[in-house]
Amino acid sequence: MKYKKVYIAVFVMLLVMLSCFNACRPIRNFTTKPTPWSGHSMTTSKLPVYDPAKKTVFVIADHKLTEMFDMLAPFYLFNATGKANVYIVAKEKTPILIKKDLFVCPQLTFGEADSMRLQADAIVIPALSIRDEHQDTVIISWIKKHFSPTTKMLTICDGASTGAATGLYDGKPITCHASDIKVIQPRFNKPNWVQQVTVAKAGNLFSTAGVSNAVEGSLTVINEIFGTETAKKVAADVNYPHEEIRLSHKSIALTGGNKFQVIKKVFFKRNRNIALLIQNGMSEFAMASMIDTYGRTFPASFKTYILNDTTISTRYGLSLIHTGSNSIKGLDELHVMMPETFSVADEAFFKKIKIIRYDNLQQQYLFDVYFKRIGEQYGPQFEKFIKISLDYN
């Protein structure tokens, strides 16, 4: 009887140790800050030929960290109009950190944009590396310099902190991620902080709720600049699931109950090693939405792969630099957004890995595809956590 109790105690201890080991990697990977670019880079993003007949859109970036979907969704959507010169602009040419081991090269520096004498018809401000009152004065000054009475300004998610720091939103409605507004609002008390909307508007000043609402914000500004027909065409391009631009919103902040779902998942569910294959000509919208969604599932690890090179060019000409290894040891599943270009050689390289193919991108809104699969893997409550973390409500 004595030995039986000892065996049971050892067994329980082993179970606890295994559970802790299972949970450590997802938590460590989620909380570890990725490292910005260091050194020099000879790679640049292709500069689109400037067309004076088109409107000009600047998407502000910060090389230390720029929230991926905040930046790349508007970049894709404004390009999809076919009526805009769209530029990712930054203080310097340093590659912009968007995910661990993955960088995008800016198309223009602030100085280059000034030397070209470009006038902004729209300025998009994603969530940057600084989200409190200690903003980068160079970025703030450049934004204010290029904002005119006819310029549309759109802040995405916590990019509202940078927008608020310009002073342009003083006394005007502004919004941000529902889970962050209580942190940001006290630091910037001059704007009128609002909730329950996907997009807040005051004249030419726009702002969006959390990450996923970059779509509604971009479509709203596109509708104002280019008209309803163009906005509908762009919405159809990404299979936007609403007939009209959805402006009503449930501003639901993450709660302790939501976070408990994370604890249950990392301790008691399978924590997968997930990866995305970055492919030439890849949609910036597809890439950013996938990484931003699955990166929040607390996987054991999340990697990106670029095969046969370290740099690729996206659909609208951005250069992506991959600095991680292409080792597939321990990899559980690889997501392939462009299965039509997934070669026989690629299949051979990943022959023992589960391949998640997105064969019907032309028929589905990607967020809904991701949420459905995550719900099937980890249950509806964890799916709810992911939706709230993306402010998709």
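Here, residues in each chain are numbered from 1, in the same order as that chain's written sequence. The predicted nature of this model means local features are confined to residues of pLDDT at least 70 and side-chain atom pairs, given and counted, to a pLDDT of 80 or more, with totals for whole chains, interfaces and linings taken over all residues. The basis for every side-chain value is the complete set of heavy atoms in the structure, and neither hydrogens nor water enter the calculation.

Draft legend 1. Layout of the sheet that holds strand 11 (residues 205-208). Between any two strands, at least two bridges found by DSSP are needed for them to pair. For the purposes of this entry, the term helix denotes a DSSP run of H or I that reaches at least four residues, the term strand denotes a run of E that reaches at least two, and both are numbered from the N terminus. Spatially, the 7 strands line up as an open sheet ordered 5-2-1-6-7-11-10, and their pairing is mixed. Two strands lie at the open edges of the sheet, namely strand 5 (108-109) and strand 10 (199-202), each paired on one side alone. Taken together, the 3 bridges between strand 7 (residues 152-155) and strand 11 define a ladder with parallel strand orientation. If you follow L154 over to strand 11, its bridge partner there is F206. By the convention used here, residues are in contact when the closest approach between their heavy atoms is within 4.5 Å. Only the contacting stretch of a helix is used when fitting its axis, a line to C-alpha atoms as for every element, and angles between N-to-C directions run 0 to 180 degrees. Most of the contacts of helix 4 (residues 137-146) go to strand 1 (residues 55-60), to which it runs at about 165 degrees, and overall it touches strand 1, strand 2 (84-90), strand 6 (122-125) and strand 7. Across the sheet, helix 7 (residues 214-226) is in contact with strand 1, strand 2, strand 6, strand 7, strand 10 and strand 11; its angle to strand 7 comes to roughly 175 degrees.

Draft legend 2. Representation of the pairing of strand 6 within the structure. Burial along strand 6 is two-sided: the face carrying A122 and V124 and the face carrying I123 and I125 are both buried. Inspection of the sheet shows strand 1 paired to strand 6 by 3 bridges, in the parallel sense. Looking across to strand 6, one finds that V57 is bridged to A122. Here 4 bridges tie strand 6 to strand 7, and the two strands are oriented parallel to one another. Remark: exposure states derive from per-residue accessible area (1.4 Å probe, protein chains only) relative to the maximum for the residue type, with buried under 20%, exposed over 50%, and partly exposed in between.

Draft legend 3. Seen up close, the confidence of the model for the chain. Note on scores: pLDDT gives the predictor's confidence for each residue, bounded by 0 and 100. With 91% of its residues at a pLDDT of at least 70, the chain reaches an overall mean of 90. Across residues 2-22, confidence stays below pLDDT 50; counting only partners more than four residues off in sequence or on other chains, it has 8 contacts.

Draft legend 4. A look at the packing of helix 7 against helix 8 (residues 228-237). At their nearest, the axes of helix 7 and helix 8 sit 7 Å apart, and the two run at 145 degrees to each other. In this structure, helix 7 crosses over helix 8, and the sense of that crossing is right-handed. Seen from helix 7, the contacting residues are L219, I222, N223 and F226; seen from helix 8, they are T228, T230, A231, V234 and A235. Residues are sorted three ways: Asp, Glu, Lys and Arg are charged, Ala, Val, Leu, Ile, Met, Phe, Trp, Tyr, Cys and Pro are nonpolar, and all the rest, Gly among them, are polar. Residue classes in the contact of helix 7 with helix 8 are distributed as 6 nonpolar, 3 polar and no charged. Crossings are classed by handedness, with left-handed meaning an anticlockwise turn of the near helix from the far one by less than a right angle and right-handed meaning a clockwise turn.

Draft legend 5. Just the environment of S319, in detail. Within the element layout of this structure, S319 appears in strand 15 (residues 319-322). Sequence separation between S319 and I88 is 231 residues; the distance between their C-alpha atoms is 11 Å.

Draft legend 6. Spatial organisation of unusual backbone geometry. Despite not being glycine, D101 has its phi angle at roughly 70 degrees, a positive value. Take D101: it is sitting in the loop between strand 3 (96-99) and strand 4 (102-104). Exposure remark for D101: the relative accessible area of 29% places this residue in the partly exposed category. Positioned with a positive phi, R117 is a non-glycine residue whose angle comes to about 55 degrees.

Draft legend 7. Layout of the pattern of salt bridges. For salt bridges, the criterion is a side-chain nitrogen of Lys or Arg within 4 Å of an Asp or Glu carboxyl oxygen. Inspection of every chain in the model, using the stated rule, returns 15 salt bridges. Between R187 and E133 there is a salt bridge; the shortest N-O distance is 2.8 Å. Of the two residues, R187 sits in the loop between helix 6 (181-184) and strand 9 (192-193) while E133 sits in the loop between strand 6 and helix 4, which places them 54 residues apart along the sequence. Under the relative-accessibility criterion, R187 is labelled partly exposed at 39%. For E216, the salt bridge identified is with R246, shortest N-O distance 3.6 Å. Of this pair, E216 sits in helix 7 while R246 is found in the loop between helix 8 and helix 9 (256-268), placing the two residues 30 residues apart along the sequence. Neither residue differs from the other here; E216 and R246 are each classed as buried. Look at the salt bridges and you will find they share partners, linking E67, D292 and R296 into a network.

Draft legend 8. Main features of helix 13 (residues 380-389). Residues of helix 13 that are buried include every one of F382, E383, F385, I386, I388 and S389, and no others. Against the buried residues of helix 13 lie helix 9, helix 10 (284-294) and helix 12 (366-378). Backbone geometry just downstream of helix 13 places D391 in the positive-phi region, at approximately 60 degrees.

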